[in-house]
Amino acid sequence: MRVTRELLDIARTVATEAGALAARRRSEGVEVAASKSSVVDIVTEADRETEALIRGMLADLRPQDGFFGEESGAEAGTSGLTWLVDPIDGTVNFLYGIPHYAVSIAVVEGDPDPLTWRGLAGCVTNPASGETFTARDGGGAWLGDSEIHVADAVELPQALINTGFAYGSEMRAEQGAVAGTLLPRVRDIRRLGTASLDLCFVAAGRTNAYFERNLSPWDHAAGAIIAREAGAAVKGRGDAPAGRDFMLAAHPVVAAALEELLEELGA
Ligand code: IPD
């Protein structure tokens, strides 16, 4: 218990400092530094600089732990713990000046593989809105100083659903087709552009469910802990844990109904 509190304090301290740097760089103007998996999958100098800051701080504070970041890769540790870092989740929002992006930092136990790890603590902070979401194993989920909970169960026609799209064009076409058939069956769909915040919005009861395919571990590590601690079922298909294949987070009753519908729609 004490250990996860200390780990969460570190996640929050580092994310706050990293968020301040990202916001400073945003106010100075942002340009694309390179594209990655496809021309729409971009990285800015600010992503790299922010990750370097986070990596340096964690190396000083927790030299024995492993690190796995979106921009600078992985390094194993000796403690059995690994820090999962997305320095700027919602990079496209960040590039365009849409104030909905986040620094996402989680610490997990076990191999840095979402299918087997145990999420211990996570912090997702949006420097543009000033909102910071946190959770640690067994300690509930928090927005600032207020405890947050997943929304009560609703029927799917009353459910507001968050989703996201991968960067590859083939996968996007499939995801767009599923979204098109889902839309008439639910209250509405949101594509807000930042997976970590999508999960935090489910945790805070701002949306009823979130699903996405093809997420990377750093996209969901912290948000998944926060959603889980807020009372959401956070899962993959069937009995599988959430991972690259599929991620669904919602009140357990909504999750069961949505998973069934998504399967029917071929998601
Ligand atoms: C992306 C965002 C987006 C999600 C993509 C992610 P990035 O992360 O979280 O909402 O739909 O799957 O890759 O590239 O902005 O760090």
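A brief report on the enclosed structure follows. The model shown is predicted, which means the values in this text are computed figures rather than measured ones.

Conventions adopted
- Residues numbered from 1 in each chain as written.
- Predicted model: local features only at pLDDT ≥ 70, side-chain atom pairs only at ≥ 80, totals over all residues.
- Heavy atoms only, no water.
- Pairing = 2+ DSSP bridges.
- Helix = DSSP H or I, 4+ residues; strand = E, 2+ residues; numbered from the N terminus.
- Axes fitted to C-alpha atoms, helices over the stretch in contact; angles between N-to-C directions.
- Contact = heavy atoms within 4.5 Å.
- Patch = residues over 30% accessible without salt bridge, like charges linked within 9 Å, V, L, I, M, F, W, Y side chains within 5 Å.
- Areas by Shrake-Rupley, 256 points an atom, 1.4 Å probe, with all protein chains shown as cover.
- Salt bridge = Lys/Arg side-chain N within 4 Å of Asp/Glu carboxyl O.
- Near = heavy atom within 4 Å.
- Polar contact = N/O pair within 3.5 Å; in protein donor to acceptor, adjacent residues only side chain to side chain.
- Nonpolar A, V, L, I, M, F, W, Y, C, P; charged D, E, K, R; others polar.

### Describing the sheet that holds strand β8 (residues 131–136)
What the eight strands build is an open sheet, ordered β4-β3-β5-β6-β7-β8-β9-β10; its pairing is mixed. Both outer strands of the open sheet, β4 (73–75) and β10 (146–148), are each paired with one neighbouring strand and no more. For this sheet the average axis-to-axis angle between neighbouring strands, irrespective of direction, equals 20°. Pairing of strand β6 (residues 102–109) with strand β7 (residues 118–126) involves seven bridges; the strand directions are antiparallel. Within β7, the position partnered with A106 by the bridge is G122. Against the sheet, helix α2 (residues 45–61) engages β3 (66–69), β4, β5 (81–89) and β6, with an angle of about 155° to β5. Packing against the sheet, helix α5 (residues 195–203) makes contact with β5, β6, β7, β8 and β10, and its axis sits at approximately 100° to β7.

### Here we look at a nonpolar patch on the surface
Residues V92, Y96 and I98 make up a contiguous nonpolar surface patch of about 300 Å² in total accessible area. Position of Y96 relative to the elements: it lies in helix α3 (residues 91–96).

### Focus on the site of the ligand
The ligand sits among 16 residues. The nearest are D89, G90, T91, Y167 and E212. Here D89 contributes a side-chain N or O atom positioned 2.7 Å from an oxygen atom of the ligand. Here the ligand has 380 Å² of accessible area as a free molecule, and 95% of this is covered by the chains. For the shell around the ligand, the leading source of residues is β5, giving three residues. Here the residues of the shell around the ligand sort into five nonpolar, five polar and six charged.

### Quick notes on the sheet that holds strand β13 (residues 209–212)
The strand order across the open sheet formed by five strands is β12-β11-β13-β15-β14, and the pairing between neighbours is mixed. Only two strands of the sheet have a single neighbouring strand rather than two, namely β12 (188–190) and β14 (233–235). In this sheet, adjacent strand axes meet at a mean angle of 15° when their direction is disregarded. With three bridges joining them, β14 and strand β15 (residues 247–250) adopt antiparallel strand pairing. Each bridged residue has a counterpart across the sheet, and for K235 the counterpart in β15 is L248. Across the sheet, helix α7 (residues 252–264) touches β11 (160–163), β13, β14 and β15, and the angle it forms with β15 is around 145°.

These results come straight from atomic positions and should not be treated as a statement about function.
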